[in-house]
Amino acid sequence: AAGVMFVTLEDETGLVNLIVWPKVIERYRSLLLTSNLLLVKGYVQQADGVLHVICDAFYDASPILPDLKTQSRDFH
């Protein structure tokens, strides 16, 4: 794919694909490799019922992890 990174995210509502062009990968390589939580800036495209986010920038949101409220889910 000529250096393009594709990331598929899935939850109970469906799928979304992140598309990251080589120049964006180069600029944010460190964050992509080390962050525990990333904030993505980009624009949404929809083609054939599939959502894509064309990524322009990434931000390290890891510092907010301790403040996130989560509920345990018991799937038994």
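Criteria and thresholds
Residues numbered from 1 in each chain as written. Predicted model: local features only at pLDDT ≥ 70, side-chain atom pairs only at ≥ 80, totals over all residues. Heavy atoms only, no water. Helix = DSSP H or I, 4+ residues; strand = E, 2+ residues; numbered from the N terminus. Rg over C-alpha atoms; globule rule 2.2 N^0.38 Å. Buried < 20%, exposed > 50% of the residue type's maximum accessible area, 1.4 Å probe, protein only. Contact = heavy atoms within 4.5 Å. Areas by Shrake-Rupley, 256 points an atom, 1.4 Å probe, with all protein chains shown as cover. Lys, Arg positive; Asp, Glu negative; His and termini not counted. Charge placed at Lys NZ, Arg CZ, Asp CG, Glu CD. Pairing = 2+ DSSP bridges. Axes fitted to C-alpha atoms, helices over the stretch in contact; angles between N-to-C directions. Polar contact = N/O pair within 3.5 Å; in protein donor to acceptor, adjacent residues only side chain to side chain.

K.L.:
Would you take a moment to explain the overall build of the chain for this structure?
P.N.:
A count of helices and strands for the chain gives 1 helix and 4 strands. A compact globule built from 76 residues should have a C-alpha radius of gyration of about 11 Å, whereas the chain, at 15 Å, is more than 25% larger. Its C-alpha atoms give the chain principal-axis dimensions of about 40 × 35 × 20 Å. Taking all 76 residues of the chain together, the buried fraction comes to 24%. The long-range share in the chain, meaning contacts at least 24 apart out of those at least 6 apart in sequence, stands at 39%. Accessible surface for the chain amounts to roughly 6,300 Å². Of this, 54% is attributable to carbon and sulfur atoms. Mean positive and mean negative side-chain charge positions of the chain (6 and 9 charges, respectively) differ by 10 Å.

K.L.:
Before we go on, may I ask you to explain the pairing of strand β1 (residues 5-11) in this structure?
P.N.:
A regular strand places its side chains so that they alternate between the two faces of the sheet. Relative to strand β2 (residues 14-20), β1 is paired through 7 bridges, and the arrangement is antiparallel. Of the residues in β2, the one forming a bridge with L9 is V16.

K.L.:
Quick question: what am I supposed to make of the pairing of strand β3 (residues 38-47) here?
P.N.:
Note: β3 against strand β4 (residues 50-60), 10 bridges, orientation antiparallel. Looking across to β4, one finds that L39 is bridged to Y59. Turn length for the β3-β4 hairpin, with the two strands adjacent in sequence and antiparallel, is 2 residues, and the turn residue D48 shows positive phi of about 55 degrees.

K.L.:
Is there a simple way to think about the sheet that holds β2 in this case?
P.N.:
Paired through backbone hydrogen bonds, the strands of a sheet run either parallel or antiparallel to each other. Taking strand neighbours across the sheet as the criterion, the 4 strands line up as β1-β2-β4-β3 in an open arrangement whose pairing is mixed. Edge positions in the sheet fall to β1 and β3, since each of these pairs with one other strand and no more. For this sheet the average axis-to-axis angle between neighbouring strands, irrespective of direction, equals 30 degrees. Taken strand by strand, helix α1 (residues 22-34) contacts β1, β2, β3 and β4, and its axis lies near 55 degrees from that of β4.

K.L.:
Would you mind going over the environment of D74 with me for this structure?
P.N.:
Note that D74 resides in the segment after β4. Taking the C-alpha atoms as reference, D74 lies 40 Å from R27; in sequence the two are 47 residues apart.

K.L.:
Is there a simple way to think about the side chain of N17 in this case?
P.N.:
Secondary-structure assignment places N17 in strand β2. Within the local environment of N17, its side chain forms a polar contact with the side chain of T8, the two groups lying 2.9 Å apart. Those residues in contact with N17, other than ones at most four positions away along the chain, are V7, T8, V50, L51, H52 and V53.

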